[in-house]
Amino acid sequence: NVILGMEIKEDITLIKNINSACNNVVVEAYVFADIDIRDTKTDLKIITLKITDYTDSMYAKMFVNTKEELDKIKGSIKKNKWYLLKGNVKDDAYSKELTFTIRDINTLEKEENKLVDDAPQKRVELHAHTMMSQMDGVVSAKDLIKKAIKWGHKAIAITDHSCAQSFPDAFH
C-alpha cells in the first residue's frame, strides 16, 4: 500500500486541528480535485493536490526530481480517492497559506458515507455556491446539479458571490 516513501503507522491528525507549521504530521486525505503538475526553473516538478478529511481542507504539495517518480505518482494518485499522507506543514510563500508538504503516501481503503435524501417531499436548495464564488464554494456547477438530480430534487439555486461565471456550465 506504499506509493511513496515508507509505510505510515503514526496517529492521524484532523486537518481542522492543523493551525500552524508542524513536522511529521499524518492525515487521512481525500483528493477532491484534479492533480496539478507544474515545472520549475530547476527542472523539478511540483505536484499539488487539494485534500480534505471533511473537517477542513488544504493544499498538499510534493516535489519530484525524476520522470520515473512522476509517472509512478501520476499513475497511483487519483481524484476522488483516499490516501494516508505524512509530511510537514509550513507557510507556503506562493499560496500564502499553510500547505502540507508530502513525504510519504500510502493507499487507504475507506468507506465513504453516502448521503441519501429519502424525504417523501424533496426540498429545493435555494442557497448553493460553486467554486466560482469567491472564497465560498468548492464544487463545480456540473457536480452540484448532478447531486441534486441524484437526490431527486427538481431544482437548485446557484447564488455565487459577485459573478455569474458558473451559469453557462449550469445551463448546459
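Let us look at the structure shown here.

Calculation rules
- Residues numbered from 1 in each chain as written.
- Predicted model: local features only at pLDDT ≥ 70, side-chain atom pairs only at ≥ 80, totals over all residues.
- Heavy atoms only, no water.
- Core = buried A, V, L, I, M, F, W, Y, C linked by side-chain atoms within 4.5 Å.
- Buried < 20%, exposed > 50% of the residue type's maximum accessible area, 1.4 Å probe, protein only.
- Helix = DSSP H or I, 4+ residues; strand = E, 2+ residues; numbered from the N terminus.
- Contact = heavy atoms within 4.5 Å.
- Phe/Tyr/Trp six-rings, centres within 6.5 Å; stacked < 30°, edge-to-face > 60°.
- Polar contact = N/O pair within 3.5 Å; in protein donor to acceptor, adjacent residues only side chain to side chain.

So, about the nonpolar core. A general feature of soluble globular proteins is that nonpolar side chains tend to end up buried together. Within the largest apolar cluster, 25 residues are counted, with the highest numbers of intra-cluster contacts made by V27, L49, I51, M62, L85, F100 and I105. Secondary structure elements with two or more residues in this core: β1 (2-4), β2 (22-31), β4 (45-52), β5 (57-64), α1 (67-76), β6 (82-91) and β7 (98-107). Setting aside residues no more than four positions away along its own chain, L49 makes contact with V31, I35, M58, Y59, A60, M62, I77 and I102.

What follows is about the packing of aromatic side chains. Enumeration over the complete set of coordinates arrives at 3 aromatic pairs. Between Y30 and W82, the aromatic rings sit 5.4 Å apart at their centres with planes inclined by 50°, giving tilted as the arrangement. With a gap of 52 residues between them, Y30 in strand β2 and W82 in strand β6 connect regions that are remote in the sequence. For Y30, a relative accessible area of 9% puts it in the buried group.

This brings us to the side chain of E28. Within the fold, E28 resides in strand β2. Of the polar contacts made by the side chain of E28, one reaches the side chain of K110; its length is 2.7 Å. When residues no more than four places from it in sequence are discounted, the contact partners of E28 are I12, T52, D53, W82, Y83, L84, L108 and K110.

We now examine unusual backbone geometry. The backbone of Y54 shows a phi angle near 70°, a positive value even though the residue is not glycine. Residue placement: Y54 occurs in the loop between β4 and β5. Classification of Y54 as exposed rests on a relative accessible area of 54%. Non-glycine residue S162 carries a positive phi angle of around 60°. On the secondary structure map, S162 appears in the loop between β9 (156-158) and α3 (167-171).

Another point: the environment of S162. For S162, a relative accessible area of 72% corresponds to the exposed category. Once the C-alpha coordinates of S162 and S133 are considered, the two residues, 29 residues apart in sequence, prove to be 7.2 Å apart.

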